[in-house]
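Chain and residue survey
Take a look at the letters that make up each chain.
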Amino acid sequence: VAWLECQQGLSLAQKNALCELPPPPEEGEAPPLGQVAGQVGPLSAGHPLLVSLRNLRRWYATPGMGEWLHGLRLFSLAMNGYSLAEGRALVEKNCDGLVEAGLLTPPEEGR
């Protein structure tokens, strides 16, 4: 998010579009195991893991951002030895599998 805030060439709307948040829980909806910081339960399009994957896909598609991420020593894909190309490919493979499973809609062209 800090990288995005420093980008003068992106509008506020563009920056916000790159930082999707999971939807808030519906009133009265109790998680299966009680209140937790994360979401425990079946995967859905709004699950934080899938929202994070969509954000990561958008970040790789943003010029300079994927390269910046791989320059961070604590970025998990870089930390585990994935190259920039391998990281991008892994994200695309995961997205494609989740589209096939019906959990994600196909990404918009150009994103």
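Residues numbered from 1 in each chain as written. Predicted model: local features only at pLDDT ≥ 70, side-chain atom pairs only at ≥ 80, totals over all residues. Heavy atoms only, no water.

Within the protein, the secondary structure is distributed over six helices and zero strands. Its helices and strands in sequence order give the protein the pattern α-α-α-α-α-α, from N to C terminus. Relative to its full complement of 111 residues, the protein shows a buried share of 25%. Just so you have it, the protein exposes about 7,600 Å², and 59% of that area is on carbon and sulfur atoms. (Helix = DSSP H or I, 4+ residues; strand = E, 2+ residues; numbered from the N terminus. Buried < 20%, exposed > 50% of the residue type's maximum accessible area, 1.4 Å probe, protein only. Areas by Shrake-Rupley, 256 points an atom, 1.4 Å probe, with all protein chains shown as cover.)

Counting residues in each nonpolar core, the largest one holds 16 residues, and the members touching the most others are Leu-4, Leu-56, Trp-59, Tyr-60, Phe-75 and Val-91. Contributions of two or more residues to this core are made by helix 1 (2–5), helix 3 (48–61), helix 4 (65–70) and helix 6 (84–100). The leading source of residues in this core is helix 3, at five residues. Apart from residues no more than four positions distant in its own chain, Leu-56 is found in contact with Leu-69, Phe-75, Leu-77 and Val-91. (Core = buried A, V, L, I, M, F, W, Y, C linked by side-chain atoms within 4.5 Å. Contact = heavy atoms within 4.5 Å.)

On to the confidence of the model for the protein. With 81% of its residues at a pLDDT of 70 or more, the protein has an overall mean of 84. Considering each helix and strand of the protein separately, the mean pLDDT is smallest for helix 1, with a value of 86, and largest for helix 6, with 94. (pLDDT = per-residue confidence, 0-100.)

Another aspect to go through is the side chain of Arg-54. Inspection of the secondary structure assignment puts Arg-54 in helix 3. Excluding its chain neighbours within four sequence positions, the residues that come into contact with Arg-54 are Glu-20, Ala-45 and Leu-104.

Moving on, we get to the packing of helix 3 against helix 6. Two elements in contact, helix 3 and helix 6, have axes whose closest approach is 10 Å; the angle formed by their N-to-C orientations is 135°. In terms of orientation, helix 3 lies oblique with respect to helix 6. In this structure, helix 3 crosses over helix 6, and the sense of that crossing is left-handed. Contact residues: helix 3 offers Leu-50, Leu-53, Leu-56, Arg-57 and Tyr-60, while helix 6 offers Leu-84, Gly-87, Arg-88, Val-91, Glu-92, Asn-94, Cys-95 and Leu-98. For the contact of helix 3 with helix 6, the per-class residue count stands at eight nonpolar, two polar and three charged. (Axes fitted to C-alpha atoms, helices over the stretch in contact; angles between N-to-C directions. Parallel < 35°, antiparallel > 145°, perpendicular 65-115°, else oblique. Left-handed = near helix turned anticlockwise from the far one by under 90°. Nonpolar A, V, L, I, M, F, W, Y, C, P; charged D, E, K, R; others polar.)

This part covers the environment of Asn-55. Of note, Asn-55 is situated in helix 3. Residues Asn-55 and Cys-19, 36 residues apart in the sequence, show an inter-C-alpha distance of 6.2 Å. When neighbours within four sequence positions are excluded, Asn-55 is seen to be in contact with Leu-18, Cys-19 and Glu-20.

Inspection of the entire model under this criterion finds four salt bridges. One salt-bridge network, held together by shared partners, links Glu-20, Arg-54 and Arg-58. (Salt bridge = Lys/Arg side-chain N within 4 Å of Asp/Glu carboxyl O.)

The next point concerns the environment of Arg-57. Among the structural elements, Arg-57 can be located in helix 3. Each C-alpha atom of the pair Arg-57 and Pro-107 lies 9.2 Å from the other, and the pair is 50 residues apart in sequence.

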